[in-house]
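Chain residues, written in single-letter form:
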Amino acid sequence: MLTLGDVLAGLRYEPPPACAPLPPLARAAGGFTFSGVIIDSRQVRPGSLFVALVGEHGDGHAYVHDALRRGAAGALIHRPDAGAGIAVPLIQATEAQAPDRLDELKPPLLIQTGDTLTGLQRLAAYWRACSAAGRDVPVVAITGSVGKTTTKEVIAGVLAQRYQVLKNPGNLNNEIGLPLTLLQMTGGEERVVLEMGMYARGEIDLLCRLARPRTGVVTNVGPVHLSRLGTMEAIVAAKSELPAALPPSPEGTAILNIDDPMVRGMAQKTPAQVLFYGLDPAADLWADEVESRGLEGVSFRLHHGPESMVLKTPLLGRHSVHTALAAAAVGLVEGLTWLEIARGLMQTQEQLRLIVLPGVNASTIIDDTYNASPDSVVAALNLLAELEGRRVAVLGDMLELGRYEEEGHRLVGRRAAEVLQVLIAVGERGRLIGAEARDAGLNDVRFAADNAGAIEHLRALLQPGDQVLVKGSRGMHMEEIVAAVAEPARSAGDKAP
């Protein structure tokens, strides 16, 4: 249970950990508790601590009144005017300026600090390093350009065969979401699994200083966010911050994809012991005899030293073998048996971003609209190539590719020509995909300026047995296409025609 004393101590905390005894101020406030930490006033539960963050699209200080009205026990602010007109105590986050009798305080109250985002991060780092809930719990961190969330979910599923596991909800993997996840630790967790995203150099290093992972997994490196970071070398350096931040061997372990040369090279940048996984027999944990079972998953033979076994998983596509291997590697590091690892891989239902739905005219819609990069689109096309039926794809713009924009779209177009019978290219950049696919020999290429145009094409061409992939960057909102061509779900009272 997070106390006011924890909050006041946390706001002064500076990682790396130096967990000094709580100052008198914090000890006096120890009986004042919060039920959780919230950044959206609409999600406030009675007793919450509301943190007023300032973002690109809004300022949480404007919602302090609303949070308190909904039952928040306190609000963390940095703008003094946020408390105007609120008749509640205000505590400055320094002992000298705090009320004398904190033990007599009743909710609600306001706590003022220098910057609420920094305050949230300090509080999370303190909770992880110094509280009974967090200090002894091993943390597994995952980063990479493609597949982070799926890998996180599968790792958590494997570890859950033995341990109580906390993981980031959804893709809350940044400088806000990860601290909020750490603050959910109650003391009952035995392992924490955290996805770490980044847009710039130094961000993963910050997240590592907050979470202090013992095991780090790097899935791959691709041109995602190239427009922000400028070069592939800068992306590699940013992703390398995870293995570089791990504790030295034997406590720390870096789990690296041997099949990606840029990830393989990170072995030189970590003080931790290295465990390689992949399809290369030189890896510590490797796979062969890979067999895709279409929409029923994939099987493969796993090798580790003299041991080998055939495993099956409902994850889709040959590329998902790397996800399964990463999860198996974490399981080994965390002491699981092969039986527990195999059971976790067989039980996982986490394809996450890829959803299979019945479509109109007895087609099948493969909804992979969450986001897109050249690597992830090619992987989705590779899955489509393994399916029976006419193969159709609706592919839209891939954003934030920087100088790799034209090359990345044309790469996808060439693979599309090898896999598809029909391509609908959506958007200005999508035209590059379509043009390249047509030049590479795909006869049926259709162009749409927007989602409405793509929907019109699909409604005219879909027929029984079609396998339809829909994929593009999040900013393209291609989920609108899926919603328009997916077969409406019948209620229990509806009768089949």
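Note that the structure is a prediction, hence the values are computed from the model and not measured.

The rules behind these values
Residues numbered from 1 in each chain as written. Predicted model: local features only at pLDDT ≥ 70, side-chain atom pairs only at ≥ 80, totals over all residues. Heavy atoms only, no water. Helix = DSSP H or I, 4+ residues; strand = E, 2+ residues; numbered from the N terminus. Buried < 20%, exposed > 50% of the residue type's maximum accessible area, 1.4 Å probe, protein only. Contact = heavy atoms within 4.5 Å. Areas by Shrake-Rupley, 256 points an atom, 1.4 Å probe, with all protein chains shown as cover. Lys, Arg positive; Asp, Glu negative; His and termini not counted. Charge placed at Lys NZ, Arg CZ, Asp CG, Glu CD. Salt bridge = Lys/Arg side-chain N within 4 Å of Asp/Glu carboxyl O. Pairing = 2+ DSSP bridges. Axes fitted to C-alpha atoms, helices over the stretch in contact; angles between N-to-C directions.

(A) Region of interest: the overall build of the protein chain. Counting its secondary structure elements, the protein chain contains 18 helices and 24 strands. Projected onto the principal axes, the alpha-carbon positions of the protein chain cover approximately 80 × 55 × 50 Å. The proportion of buried residues among the 497 residues of the protein chain is 55%. Long-range contacts, defined here as pairs at least 24 residues apart, represent 65% of the contacts in the protein chain between residues at least 6 apart. Total accessible area on the protein chain is roughly 20,800 Å²; 50% of this is exposed by carbon and sulfur atoms. One way to put it: in the protein chain the 46 positive side-chain charges average out to a point 2 Å from where the 57 negative ones average out.

(B) Region of interest: the pattern of salt bridges. Enumeration according to the criterion identifies 23 salt bridges in this entry. With its nearest N and O atoms 3.0 Å apart, the salt bridge here joins Arg429 to Glu405. Highlighted residues: Arg429 in the loop between β22 (422–426) and α16 (430–439) and Glu405 in helix α15 (residues 405–419), separated in sequence by 24 residues. Residue classification places Arg429 among the partly exposed residues on the basis of a relative accessible area of 27%. Between Glu436 and Arg414 there is a salt bridge, with its nearest N and O atoms 3.2 Å apart. In this pair, Glu436 sits in helix α16 while Arg414 sits in helix α15, placing the two residues 22 residues apart along the sequence. Each of Glu406, Arg410, Arg414 and Glu436 takes part in a single network of salt bridges with overlapping partners.

(C) Summary view of helix α13 (residues 338–347). Buried within α13 are the following residues: Trp338, Glu340, Ile341, Ala342, Gly344 and Leu345. Contact partners of the buried residues in α13: α5 (148–159), β16 (285–292), β17 (298–304), β18 (307–313) and α12 (320–333).

(D) Examining the sheet that holds β18 more closely. Reading across from one edge, β11-β12-β10-β13-β14-β15-β16-β17-β18 is the order of the 9 strands in this open sheet, with mixed pairing throughout. Strands with a single pairing partner mark the edges of an open sheet, and in this sheet they are β11 (165–167) and β18. In this sheet, neighbouring strand axes are inclined to one another by 20 degrees on average, regardless of whether the strands run parallel or antiparallel. Bridge count for strand β10 (residues 139–143) against strand β13 (residues 215–218) is 4 bridges, and the pairing is parallel. Among the inter-strand pairings, Ala141 is bridged to a residue of β13, identified as Gly216. Together, β16, β17 and β18 form the strand contacts of α13, whose direction differs from that of β18 by roughly 20 degrees.

(E) Region of the structure containing the sheet that holds strand β19 (residues 355–358). With mixed pairing, 6 strands are arranged side by side in an open sheet as β19-β20-β24-β21-β22-β23. Because the sheet does not close on itself, it has two edges, and the strands there are β19 and β23 (444–448). Neighbour-to-neighbour, the strand axes of this sheet turn through a mean angle of 20 degrees, independent of strand direction. Both strand β20 (residues 364–367) and strand β24 (residues 467–471) contribute to a ladder of 4 bridges, which runs parallel. Its bridge partner being in β24, Ile366 is matched across the sheet by Leu469.

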